[in-house]
Amino acid sequence: MINRRVFSIGLGASFLTACTEGAQTTAPASRMRAVPNAGWDAWVASFKNRAAAQGISQSTLDRAFQGAGYLPGVIERDRNQVEFKRSLEDYLAIAASDERIETGKQMMVRYAGTLSQIESQYGVDKEVVVAVWGLESRYGARRGDIPVISATSTLAYDGRRGAFFEKQLIAALQIIQEGDTTPANMTGSWAGAMGHTQFIPTSYLAFAVDHTGDGRRDIWSDDPADSLASTAAYLARSGWVRGQPWGGEVGTVSGTPVAVLQPQVPGPRIAVFRNFQVIKRYNNSDSYAIGVGHLSDRIAGGAPFQASFGPDKTGLTLEDRKELQRRLTAAGYDTQGADGVVGNNTKTAISAYQRANGLSVTGTPSVALLRRLGG
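Since the model is a prediction, treat every value here as computed from it, not as a measurement. (Residues numbered from 1 in each chain as written. Predicted model: local features only at pLDDT ≥ 70, side-chain atom pairs only at ≥ 80, totals over all residues. Heavy atoms only, no water.)

*Asks:* Lay out the overall build of the chain in plain terms, naming residues and giving numbers.
*Replies:* For the chain, the count of helices and strands is 17 helices and five strands. Its C-alpha atoms give the chain a radius of gyration of 22 Å, near enough to 21 Å, the size a compact globule of 375 residues would have. The C-alpha extent of the chain, read off along each of the three principal axes, is 70 × 55 × 35 Å. Residues counted as buried form 52% of the 375 residues belonging to the chain. Looking at the chain as shown, the accessible area adds up to about 15800 Å², and 47% of this sits on carbon and sulfur atoms. Taking the 39 positively charged and 35 negatively charged side chains of the chain as two groups, their mean positions are separated by 4 Å. (Helix = DSSP H or I, 4+ residues; strand = E, 2+ residues; numbered from the N terminus. Rg over C-alpha atoms; globule rule 2.2 N^0.38 Å. Buried < 20%, exposed > 50% of the residue type's maximum accessible area, 1.4 Å probe, protein only. Areas by Shrake-Rupley, 256 points an atom, 1.4 Å probe, with all protein chains shown as cover. Lys, Arg positive; Asp, Glu negative; His and termini not counted. Charge placed at Lys NZ, Arg CZ, Asp CG, Glu CD.)

Structural data, given as structure tokens:
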């Protein structure tokens, strides 16, 4: 079975690299524009022979590489990945935020007919499909705008994971050759993940479906139907058990689980079933699978986990950290949101406040700081 996320980092969820504070170094937009590179040119010339030997036509190669080029920003993103670990509490604060839950409910209503068809056809809970969509691209808001041919050829030429990305490049060319999209329309993340639910090219070839019946498996369209159906097809073919839960907090789900997890102590004990492992085939991370499962439950109207995670090492609970962020922002030190997750924006705001008020500059939250700000 193909693992769609063999290039994942940190917690393994692509959405975290997009929206979590400090999760990954971001190359300036100008670095994502093609620049002259003689080495890349020579590599492409050699690659075209290998691609032709694998059935890629000359016309496809000509169309695909017209306007393609070496993207220095892609290499910067690849080289500067940070092994970024989040506690489960912080992960869920992002993955199952109030905003993400509410938007998910809205999407369930907006695409009710499509989602019901997909659930009936593939046997995968529609809330789970929507949850994957929410985590992967914020329900289509962050699908990526980097040309996939340029990105995958740049990474293949770079050589650090050359064999993997050359395989993705060949698959991308096959997609173009089969007529599902055009080179100009084939955009995605810096590492080649595409569409509403972020398929890499090889997984697209293996699992993508044409739900709309227009003759194209169009995961790039503003209409998410093909993407959502493709995600359901992926999970179904990975062994999804119709009618079985993914899991849940111990005491809230019936049946005999395959395991009981407690990723954070204190924190909820989570009973997981076979479908939990299926979600991990989509992205091999316990936190990701719990995030998808819990978000799907919340979208369906379920309750938050009941067990408390307790205060962190600074003595602050999640609600304390949210309040700290709100008070800093009100005082003129914008934390760029109040999700209770302390990342670079919050640390920068704390440091600025400490500096302006003659305090020792640590950038670290504390109970004393919360009280000083009005607690």
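Now, onward.
*Asks:* Quick one: what's the story with the environment of E127, residue by residue and with numbers?
*Replies:* With respect to the helices, strands and loops of the structure, E127 is situated in helix α8 (residues 126–137). Classification of E127 by relative accessible area gives buried; the value is 18%. For the pair formed by E127 and R298, sequence separation is 171 residues and the distance between their alpha carbons is 9.0 Å. Non-local contacts of E127, meaning those with residues more than four positions away in its chain, are made with M108, E119, S296, I299 and A300. (Contact = heavy atoms within 4.5 Å.)

*Asks:* Break down the packing of helix α7 (residues 112–122) against α8 for me, citing the residues and quoting the values.
*Replies:* With their axes 9 Å apart at the nearest point, α7 and α8 run at an angle of 115 degrees to one another. The orientation of α7 with respect to α8, classified from their angle, is roughly perpendicular. The hand of the α7/α8 crossing is right-handed. For the pair α7 and α8, contact is made by L115, S116 and E119 and by K126, E127 and V130, respectively. (Axes fitted to C-alpha atoms, helices over the stretch in contact; angles between N-to-C directions. Parallel < 35°, antiparallel > 145°, perpendicular 65-115°, else oblique. Left-handed = near helix turned anticlockwise from the far one by under 90°.)

*Asks:* Just give me the short version of helix α3 (residues 58–65), but keep the residues and values in it.
*Replies:* Inspection of α3 places T60, L61, A64 and F65 among the buried residues, and these make up the whole buried set. For α3, the angular spread of the buried residues around the axis is 110 degrees, confining them to a single face. Where α3 is buried, its residues touch α2 (38–53), α9 (148–158) and α10 (162–177). The first or second residue beyond α3 is G67, which carries a positive phi of 90 degrees. (Arc of directions from axis to C-beta.)

*Asks:* Would you mind going over the pattern of salt bridges in detail, with residue names and values included?
*Replies:* For the structure shown, the criterion picks out 17 salt bridges. With a closest N to O distance of 2.6 Å, R31 and E76 form a salt bridge. Of the two residues, R31 is situated in the loop between α1 (14–19) and α2 and E76 in helix α4 (residues 72–79); the sequence distance between them amounts to 45 residues. Its salt-bridge partner being R217, residue E178 comes within 3.0 Å of it at the nearest N-O pair. In this pair, E178 is assigned in the loop between α10 and β2 (187–188) and R217 in the loop between α11 (201–207) and α12 (225–237), connecting sequence segments 39 residues apart. One network of salt bridges, with partners in common, ties together E89, D90, D312 and R321. (Salt bridge = Lys/Arg side-chain N within 4 Å of Asp/Glu carboxyl O.)

*Asks:* Summarise the sheet that holds strand β4 (residues 259–261); cite the residues concerned and give the values.
*Replies:* The strand order across the open sheet built from three strands is β3-β5-β4, with neighbouring strands paired in antiparallel fashion. Taken across any chain shown, the strands that pair with only one partner, and hence form the sheet edges, are β3 (247–249) and β4. Strand-to-strand twist in this sheet, taken as the mean axis angle between neighbours without regard to direction, amounts to 25 degrees. Across three bridges, β4 lies against strand β5 (residues 270–272) in antiparallel orientation. Along β5, the bridge assignment pairs A259 with V272. (Pairing = 2+ DSSP bridges.)

*Asks:* Describe the side chain of Q198, with residues and values.
*Replies:* By secondary structure assignment, the location of Q198 is in the loop between β2 and α11. Relative accessible area serves as the criterion here: at 4%, Q198 is assigned to the buried category. Side-chain polar atoms of Q198 contact the backbone oxygen of G195, separated by 2.8 Å. (Polar contact = N/O pair within 3.5 Å; in protein donor to acceptor, adjacent residues only side chain to side chain.)

*Asks:* Help me get a handle on the nonpolar core, residues and values and all.
*Replies:* Counting residues in hydrophobic clusters, the biggest one holds 82 residues, and the most contacted among them are F65, I149, L173 and M186. If we skip the residues at most four places from it in the chain, L173 touches F47, A51, I56, T60, L61, A64, F65 and I149. (Core = buried A, V, L, I, M, F, W, Y, C linked by side-chain atoms within 4.5 Å.)

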